[in-house]
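Examining the three-dimensional arrangement
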Amino acid sequence: MIRKLFGSSRASGLVAGIAFAAINVLASLSAQAAAPMAHNPAPAFYRIMVGEFEITALSDGTVDLPMNKLLNQNQKKTDQALAHAFEQSPLETSVNTYLVNTGSKLILIDTGAGNLFGPTLGKLIANLKASGYQPEQVDEIYLTHMHPDHVGGLMTNGAIAFPNALLRADRHESEFWLSQSNMDQAAPDNKGFFQGAIASVNPYVKTGKYSPFDGNTELAPGVISILSQGHTVGHTSYLIQSKGQKLLLIGDLIHVAAVQFDTPSVTIAFDSDQKQAAAERLQVFSSIAKDGILVGAAHLPFPGLGHVGANGKGFRWIPVNYTQIR
Ligand SMILES: [Zn+2]
């Protein structure tokens, strides 16, 4: 075959020589590949510009969640939808936070789980530092809501993790989760949610570093809160705008891409008002599919940034193209 291709025995001798040399190179390469695998995850931050604002998606890690039990639909249906996306339950689920540098303020949206949700989460501070910032530099923290995987990172080893930051959230949220009587009345399985919020947020309240807001409010130039209740009573999205470009951070408006884009009516056990959560998702997705706004979601695969397109009766997720700041 080689002779046929090259037409002379001299050429085939040359090819054999090259092949022999190649085998030698391969042999020496495989010997060098015996280094032990590093195993530690790569630092997980991802950076884009929105107008003149720098946005850094920061991973807090991932957590395996039994989505076929948590989603409020037939277990088989969830398993099938996950399999269709080459996924399975328990689903490795991202916990994403977002750092917004407006040029005059450094604002962190959500803080991950800290130590409230097991060892695979709580990586925000390490990734923040890897991205070039220090916790002391954060001026303000805005919470989408007060579930443990969003507030836990406010504290590190019993101390305030962001010593110079003002903490803000919708008043509905703090009045609900910081209430001792609500915690007393909660079902035993739900008390942990209250304990997590109280342990994480109260140190900021006690030191005068918590300032609630009421509904849609401009919190900083170019950063607006938008009340999007359903997942929790004060669940809030944040609209970031600079030079005509927009990013909407939607928190927990969605948890499972493989299911809830196709079927936005499917809710999750963590939704405090199932009906309202489904209606809110449908309304916001319809609006962003029309407007083409860039979206950031706390539990879509890191960095959780992309666009939502219309797709029949449902929607589809279009993750951002890879980009680097130049
Ligand atoms: Zn969450």
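Shown above is the structure to which this text applies.
My aim in this report is to walk through the structure given alongside it, one point at a time. What you see is a predicted model, and the numbers here were worked out from it, not measured in a lab.

**As for empty space enclosed by the protein**
By the definition in use, this model includes two cavities of 30 Å³ or more. What the largest cavity holds in volume is close to 40 Å³. Of the volumes computed, that of the second largest cavity is approximately 30 Å³. In this structure, the second largest cavity is lined by Ser228, Gln229, Gly230, His231, Asp252, Leu253, Asp271, Ala277, Glu280 and Arg281. Grouping the amino acids of the lining of the second largest cavity by side-chain chemistry returns two nonpolar, four polar and four charged.

**Side note on the sheet that holds strand S8 (residues 166-168)**
The strand order across the open sheet formed by six strands is S1-S2-S3-S4-S5-S8, and the pairing between neighbours is mixed. Edge positions in the sheet fall to strand S1 (45-50) and S8, since each of these pairs with one other strand and no more. Across this sheet, the average inter-strand angle for adjacent strands is 25°, counted without regard to direction.

**A short note on the coordination of the zinc ion**
Coordination of the zinc ion by the protein comes from Asp149 (OD), His150 (NE2), Asp252 (OD) and His299 (NE2), over a distance range of 2.1 to 2.2 Å. With four donor atoms in place around the zinc ion and angles of 86 to 168° between them, the coordination shape is irregular. The sequence pattern describing where the donors of the zinc ion fall on their chain is D-H-x101-D-x46-H. Here the residue Asp252 occupies a position in the loop between strand S12 (245-249) and helix H10 (257-260), and His299 occupies one in the loop between strand S13 (294-296) and strand S14 (305-311), the gap between them amounting to 47 residues.

**A closer look at the pairing of strand S11 (residues 236-242)**
Burial analysis of S11 places six of its seven residues in the buried class, which makes it a mostly covered element. Inspection of the sheet shows strand S10 (residues 223-227) paired to S11 by five bridges, in the antiparallel sense. Within S11, the residue paired with Ile226 across the bridge is Ser237. Sheet analysis places S11 next to S12, joined by five bridges and oriented antiparallel. Pairing of Ile240 across the sheet is with Leu247, part of S12. The loop that links S11 with its antiparallel partner S12 comprises two residues; one of these, Lys243, has a positive phi angle of about 50°.

**Regarding the packing of aromatic side chains**
With the rule as written, the count across this model stands at eleven aromatic pairs. A connected cluster of aromatic rings, assembled from ring pairs, spans Phe176, Trp177, Phe193, Phe194 and Phe270.

**Focus: helix H4 (residues 75-84)**
Taken as a whole, H4 has its buried residues at Thr78, Ala81 and Leu82. Down the axis of H4, the buried side of the element spans an arc of 100°, and every buried residue falls inside it. Turned more than 90 degrees away from the buried face of H4, the exposed residues are Lys76, Gln80 and His84. Summarising the contacts, the buried residues of H4 are in contact with helix H3 (67-70), strand S3 (91-101) and H10. Positioned one or two residues after H4, Phe86 has a phi angle of 60°, which is positive.

**Things to note about the nonpolar core**
In this structure, Ile141, Leu143, Met146 and Phe162 are the most contacted members of the largest nonpolar core, which totals 29 residues. Secondary structure elements with two or more residues in this core: strand S4 (106-109), helix H5 (124-130) and helix H9 (191-206). For this core, the element with the most residues is H9, which contributes six residues. Every residue in contact with Leu143, bar those within four places of it in the chain, is listed here: Asp110, His150, Val151, Leu154, Leu167, Arg168, Ala169, Val201, Thr236 and Tyr238. Tyr98, Ile107, Leu219 and Leu247 belong to the second largest nonpolar core, which has 21 residues in total.

**Thoughts on the side chain of Thr93**
Within the secondary structure layout, Thr93 lies in strand S3. Take Thr93: its relative accessible area is 3%, and that puts it in the buried class. A polar side-chain atom of Thr93 sits 2.8 Å from the main-chain carbonyl oxygen of Leu91. Not counting residues up to four positions away in its chain, the partners in contact with Thr93 are Gly61, Thr62, Val63, Leu65, Met67 and His299.

**Section: the sheet that holds S14**
Pairing within the open sheet is mixed, and its seven strands lie in the order S9-S10-S11-S12-S13-S14-S15. Taken across any chain shown, the strands that pair with only one partner, and hence form the sheet edges, are strand S9 (217-220) and strand S15 (314-319). Neighbouring strand axes in the sheet, compared pairwise and without regard to direction, differ in orientation by 35° on average. Along the sheet face, helix H11 (residues 274-291) touches S10, S12, S13, S14 and S15 and points at about 95° away from the line of S14.

Criteria and thresholds
- Chains are numbered independently. Their residues run from 1 in the order of the written sequence.
- Where local features are concerned, this predicted model is filtered to residues with pLDDT of at least 70; where side-chain atom pairs are given and counted, the filter is 80 or more; whole-chain, interface and lining totals use all residues.
- Side-chain metrics rest on all non-hydrogen atoms present in the structure, leaving aside hydrogens and water.
- Definitions used for this entry: grid spacing 1 Å over protein atoms alone; cavity, a set of points where a 1.4 Å probe fits but cannot get out; pocket, an open set with protein on both sides within 12 Å along at least 5 of 7 lines; lining residue, one with an atom within 4 Å of a point.
- Grid points are joined across faces, edges and corners, and a volume is the space filled by probe spheres set on the points.
- Charged residues are taken to be Asp, Glu, Lys and Arg, nonpolar residues to be Ala, Val, Leu, Ile, Met, Phe, Trp, Tyr, Cys and Pro, and polar residues to be all remaining types, Gly included.
- One requirement defines pairing of two strands: DSSP has to find at least two bridges between them.
- Under the scheme used here, helices are H or I runs from DSSP no shorter than 4 residues and strands are E runs no shorter than 2 residues, and both carry numbers assigned from the N terminus.
- Helix axes use the C-alpha atoms of the stretch in contact, all axes being lines fitted to C-alpha atoms, and the angles between their N-to-C directions lie in the range 0 to 180 degrees.
- Metal-coordinating donors are taken as N, O and S atoms lying within 2.8 Å of the metal, or within 3.2 Å when the metal is Na, K or Ca; because water is left out, some sites can appear incomplete.
- Four donors are marked tetrahedral only if all angles between them lie between 85 and 135 degrees, whereas four are marked square planar and six octahedral if opposite donors are more than 155 degrees apart and the other angles lie between 65 and 115; the remainder are marked irregular.
- Buried means the residue's accessible area, taken with a 1.4 Å probe over protein chains only, is under 20% of the maximum for its type, while exposed means over 50%, and partly exposed covers the values in between.
- Two aromatic rings, drawn from Phe, Tyr or Trp (for Trp, its six-membered ring), form a pair once their centres lie within 6.5 Å of each other, and the interplanar angle then sorts them: stacked below 30 degrees, edge-to-face above 60, tilted otherwise.
- In this description, the arc belongs to the directions extending from the helix axis to the C-beta atoms.
- Contacts are assigned to residue pairs with any non-hydrogen atoms lying within 4.5 Å of each other.
- Working definition of a nonpolar core: buried Ala, Val, Leu, Ile, Met, Phe, Trp, Tyr and Cys residues. They are joined through side-chain atoms within 4.5 Å.
- Pairs of N or O atoms within 3.5 Å make up the polar contacts considered here, provided that, within protein, one atom can donate a hydrogen while the other can accept it, and that residues adjacent in sequence are counted only when both atoms are side-chain atoms.

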